[in-house]
Amino acid sequence: MKVVFFAQSRQLAGCAEFDLPTDRDLTGPDFWARLIEIFPGLAPLQKTARLARHETYLDADETIHPHDEVAIIPPVSGG
Amino acid sequence: MSFIPRINKVYPDIAFTNDEIRRYGRHLIMPEVTLEGQQKLKAARVIVIGTGGLGAPILAYLAAAGVGHIGVVDFDTVDISNLHRQIIHKTGNVGKPKTQSAVEMMKDINPTIEIKTYDTSFRSDNAFELIKDYDIVIDGTDNFPTRYLVNDACALLDKPNVYGSIFRFEGQATVFWASRGPCYRCLYPEPPEPGTVPSCAEGGVLGVLPGVVGTIQATEAVKLIIGQGDPLIGRLLLFDALKMKFKELKLRKDPKCPLCGTNKTITELIDYDQFCGVSPAQQKAVFIEEVEVEDVEAALDAGRIPSEIDLLDIREPFEAKIAQIPNSRLISLAEFSKRMHELDSAREIWLYCKDGARSGKAWKLLHDAGFRKIKNVAGGIDAWSEEIDPNTPRY
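Residues numbered from 1 in each chain as written. Chains lettered and ligands numbered in written order. Predicted model: local features only at pLDDT ≥ 70, side-chain atom pairs only at ≥ 80, totals over all residues. Heavy atoms only, no water.

**Let's talk about the interface of chain A and chain B**
Phase 1 of the analysis: If you look at the interface, chain A gives 29 residues, while chain B gives 39 residues.
Phase 2 of the analysis: Taking both sides of the interface into account, the surface hidden between chain A and chain B amounts to around 2,900 Å²; carbon and sulfur atoms contribute 51%.
Phase 3 of the analysis: Broken down residue by residue, the surface that chain A buries against chain B is led by Val76(A), Ser77(A) and Gly79(A), which jointly contribute 23%.
Phase 4 of the analysis: Here chain A is connected to chain B by 7 salt bridges.
Phase 5 of the analysis: Among the salt bridges present, the one from Arg252(B) reaches Glu62(A), with a minimum N-O distance of 3.5 Å.
Phase 6 of the analysis: Remark: the boundary between chain A and chain B carries 20 residue pairs in polar contact (both at pLDDT 80 or more).
Phase 7 of the analysis: Looking at the side of chain A that touches chain B element by element, the count peaks at 4 residues for helix H1 (residues 7-13) of chain A.
Phase 8 of the analysis: Here the residues of the side of chain A that touches chain B sort into 13 nonpolar, 8 polar and 8 charged. (Contact = heavy atoms within 4.5 Å. Buried area = accessible area lost by both parts, 1.4 Å probe. Salt bridge = Lys/Arg side-chain N within 4 Å of Asp/Glu carboxyl O. Polar contact = N/O pair within 3.5 Å; in protein donor to acceptor, adjacent residues only side chain to side chain. Helix = DSSP H or I, 4+ residues; strand = E, 2+ residues; numbered from the N terminus. Nonpolar A, V, L, I, M, F, W, Y, C, P; charged D, E, K, R; others polar.)

**Observations concerning the environment of Ser77(A)**
Phase 1 of the analysis: Mapped onto the secondary structure, Ser77(A) falls in the segment after strand E5 (69-73).
Phase 2 of the analysis: When neighbours within four sequence positions are excluded, Ser77(A) is seen to be in contact with Thr141(B), Asp142(B), Asn143(B), Phe144(B), Arg147(B), Ser165(B) and Ile166(B).

**Side note on the domain arrangement of chain B**
Phase 1 of the analysis: In terms of domain boundaries, chain B breaks down into domain 1 (5-280) and domain 2 (286-388).
Phase 2 of the analysis: On a C-alpha basis, the centroid separation for the pair domain 1 of chain B and domain 2 of chain B is 39 Å. (Domains from an automatic or database assignment.)

**Structural notes on the nonpolar core**
Phase 1 of the analysis: Among the nonpolar cores identified, the biggest contains 53 residues, and Leu62(B), Ile70(B) and Ile138(B) are the most heavily contacted of them.
Phase 2 of the analysis: For this core, the element with the highest residue contribution is helix H11 (residues 209-226) of chain B, accounting for 9 residues.
Phase 3 of the analysis: In terms of nonpolar packing, the next biggest core, distinct from the first, is built from 35 residues, Val4(A), Ile131(B), Tyr184(B) and Cys276(B) among them. (Core = buried A, V, L, I, M, F, W, Y, C linked by side-chain atoms within 4.5 Å. Buried < 20%, exposed > 50% of the residue type's maximum accessible area, 1.4 Å probe, protein only.)

**Here's the deal with the pattern of salt bridges**
All names here are of chain B.
Phase 1 of the analysis: Summed over the entire model, instances satisfying the criterion amount to 33 salt bridges over all chains.
Phase 2 of the analysis: The residue Glu220 makes a salt bridge to Lys223 at a minimum N-O spacing of 2.7 Å. In this pair, Glu220 and Lys223 both sit in helix H11, 3 residues apart, roughly one turn of the helix.
Phase 3 of the analysis: When its relative accessible area of 18% is taken as the criterion, Lys223 is described as buried.
Phase 4 of the analysis: Arg235 is the salt-bridge partner of Glu248, the closest N and O atoms lying 3.2 Å from each other. Placement of the pair is Glu248 in strand E8 (residues 245-250) and Arg235 in strand E7 (residues 235-240), with a sequence separation of 13 residues.

In structure tokens:
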């Protein structure tokens, strides 16, 4: 599962992209748990950052498939 | 047809002088604009909240394009650290109100338009009054409480909110218009934990970045006014300057949105500092013990730093290269958790960063780890430069 980091998630993860090894579908909370295991610094973003699959935002109850590309999009406020 | 019903009613009566016709000639010869589009622009009323990095290009381009009535809101004064990106402000205007500085430039660009300045912060108690007579609101603010406020005020008065925000090398832009698509709360229902998303002052920003995002906002405002093309309603544009890529995400209206969903629970403006957890009462919940830069100077003069007190610089190494307080030891916040074991909890430890925000986080990390003889240097090296040693460069 390809994970693409935006804005602060990129800074906290220390990379722009990451291949999350998984061979099964993940729910949103499962996905975050797996990710935070690898990147503990991302924990504060779970509550507020949105996940997007391909070109659309994911709702909280949607499952993510092993071949999906998931983007992590935290809010930013600078102006 | 303009997307703004009021403009469609009033624009046919708008007239131009011959000078104005020449000024807008390159607009007038495009079939998407023509004289009618230019009349719509002159009839339009647009208010821009914030004259910072985003506000600067927005205001300049709206003035140049001939938007007839522009409202400019900002409470702040021009600081020299604004100038690398806020290109509407000039060096000679450092210290002046930003509204005044912005209007000077806008009048230089186009003296034919009407500009109103509001030298005030945008708050729950003045938001409706400020935006009610405008057709379009453009969000050029720089913090989450004000962004939720702009969103809610626009949704409650059914105004389009042309949104843009930036972080370091990245930006986001969209048009929120609750009666026609999603609002900011549909996208981000929960504000981030206070202190988890750095501002431009804390995280830095590429100077040209708000230029890209602000011009996208100005473009969207012009399109809404003249009624051409596809507005960014229901689409979030993500811009990544390092990869030089745009990504577009479809946004959906959230039926559960408390502001614009089917069961609305937000029907008036609220306390946005409290909503975002940044009100003074909430911040006091964790009490960080502080010392002033005067205390640091006294401790250095008396030799207590470094003999009794460890002075810890928790900024990044590249910041320490710009300037440091004497006798300080560098452990950056990024490495803090890993290197905390190098510190001696029996000794007194004073922490500083640029302005006291990051060192406050480091203070909490140490406090959580059981350190009790720790103090945060209020105002950081900025305060040191201002109060103690003016030769220390500010950045």
